[in-house]
Amino acid sequence: MTAPMQMAREEREEFAALLDQLTPEQWDQPSLCTGWRVRDVVAHVISYEDLSRPRAVARMAWGALRYRDPNAIGVAVNAAKSPSELTALMRKYATPRGSTAGFDGRIALTDGMVHQQDIRRPLDMPRVIEPEKLAVALDFTKYAPFLRGAWRARGLRLVATDLDWTHGSGPEVRGTGEALLMAMAGRGAALSDLDGPGKATLAQRL
């Protein structure tokens, strides 16, 4: 089995390869993150790499107090950079460091996977995610504090239709692993790719 840290590195390398394909217009298109363009999402993904865990926590606290958004400062620091500069930073930080290296790289892997889909979905640029890598991200999303996946899925049984992964008990919600991941991460855009008697309950929590 591939180590999560190596998966995280591969995810960022694939993220950088996606960025190479984008046109100048696409860099300024809206993402699934409310108020964030594609370039803002990229700026966020690499914004914590040079920060120790205490500094990362301090930045998030200050961002929440000043902007009501814990990630606003990190985005502001990098969002003015050119597409080529942001892509270069994604490659420079392919191997996670600082706070994103936590949980053996699972933070960087899951954050990168969700945010890559935040870009790909509105740009209609789908991809096939390796089942092994997707399963690690799905499992981590259940207890990752900032994603609150288990809270959204409480009382429901999530069933992936394209890999061997299930979670919980109760009314069933079925769909691809990617759609379940995005829904657990709070992305309502994924609901159209899900089905089952528990879907309405999940939709109310997004």
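The structure we're discussing is the one just above.
Residues numbered from 1 in each chain as written. Predicted model: local features only at pLDDT ≥ 70, side-chain atom pairs only at ≥ 80, totals over all residues. Heavy atoms only, no water.

## Structural notes on the overall build of the chain
Looking only at helices and strands, one finds 11 helices and 4 strands in the chain. Within the chain, buried positions represent 50% of all 206 residues. Considering only contacts within the chain whose residues lie at least 6 apart along the sequence, 62% involve residues at least 24 apart. (Helix = DSSP H or I, 4+ residues; strand = E, 2+ residues; numbered from the N terminus. Buried < 20%, exposed > 50% of the residue type's maximum accessible area, 1.4 Å probe, protein only. Contact = heavy atoms within 4.5 Å.)

## A short note on helix H10 (residues 177-184)
An α-helix turns once per 3.6 residues; consequently, residues spaced three or four apart project the same way. Burial analysis of H10 places 8 of its 8 residues in the buried class, the great majority of the element. Taken together, the buried positions of H10 are Gly177, Glu178, Ala179, Leu180, Leu181, Met182, Ala183 and Met184. Taken from the residues just after H10, Gly186 is the one with a positive phi, measuring 90°.

## Here we look at the pattern of salt bridges
According to the stated counting rule, one finds 15 salt bridges in the structure shown. Salt-bridge contacts for Asp193 lead to Arg121; the nearest nitrogen and oxygen are separated by 2.8 Å. In this pair, Asp193 is assigned in the loop between H10 and strand E4 (194-195) and Arg121 in helix H7 (residues 106-123), connecting sequence segments 72 residues apart. Residue class for Asp193 comes out partly exposed when judged on its relative accessible area of 39%. Within the structure, one salt-bridge network assembled from shared partners comprises Glu11, Glu14, Arg127, Glu130 and Lys133. (Salt bridge = Lys/Arg side-chain N within 4 Å of Asp/Glu carboxyl O.)

## Digging into the packing of aromatic side chains
Enumeration over the complete set of coordinates arrives at 3 aromatic pairs. Relative to Tyr143, the ring of Phe140 lies with its centre 5.2 Å away and its plane at 80°, an arrangement referred to as edge-to-face. Here Phe140 and its partner Tyr143 are both found in helix H8 (residues 131-143), 3 residues apart, which amounts to about one turn of the helix. Grouped by ring-pair contacts, the aromatic residues Phe103, Phe140 and Tyr143 constitute a single cluster. Cation over ring: Arg148 sits above Trp151, and NZ or CZ is 4.5 Å from the ring centre. Taking NZ or CZ as reference, Arg154 lies 4.4 Å from the ring centre of Trp151, over its face. (Phe/Tyr/Trp six-rings, centres within 6.5 Å; stacked < 30°, edge-to-face > 60°. Lys NZ or Arg CZ within 6 Å of the ring centre and 35° of its normal.)

## Thoughts on the environment of Leu156
Of note, Leu156 is situated in the loop between helix H9 (149-153) and strand E1 (157-160). Taking C-alpha positions, Leu156 is 9.4 Å from Pro197, a pair spaced 41 residues apart along the chain.

## Details of the side chain of Arg187
Relative to the assigned elements, Arg187 resides in the loop between H10 and E4. Residue class for Arg187 comes out buried when judged on its relative accessible area of 14%. A distance of 2.7 Å separates polar atoms of two side chains, one belonging to Arg187 and the other to Asp118. Among residues more than four places away in sequence, those in contact with Arg187 are Leu32, Cys33, Val114, His115, Asp118, Met182 and Leu206. (Polar contact = N/O pair within 3.5 Å; in protein donor to acceptor, adjacent residues only side chain to side chain.)

## Quick look at the sheet that holds strand E3 (residues 172-175)
Strand order in the open sheet formed by 4 strands is E2-E1-E3-E4, and the pairing between neighbours is mixed. At either margin of the open sheet sits one strand with a lone partner, and together these are strand E2 (166-167) and E4. Inspection of the sheet shows E3 paired to E4 by 2 bridges, in the antiparallel sense. Residue Gly175 lies in a different strand from E4, and its bridge partner there is Leu194. Against the sheet, H10 engages E1, E3 and E4, with an angle of about 145° to E1. (Pairing = 2+ DSSP bridges. Axes fitted to C-alpha atoms, helices over the stretch in contact; angles between N-to-C directions.)

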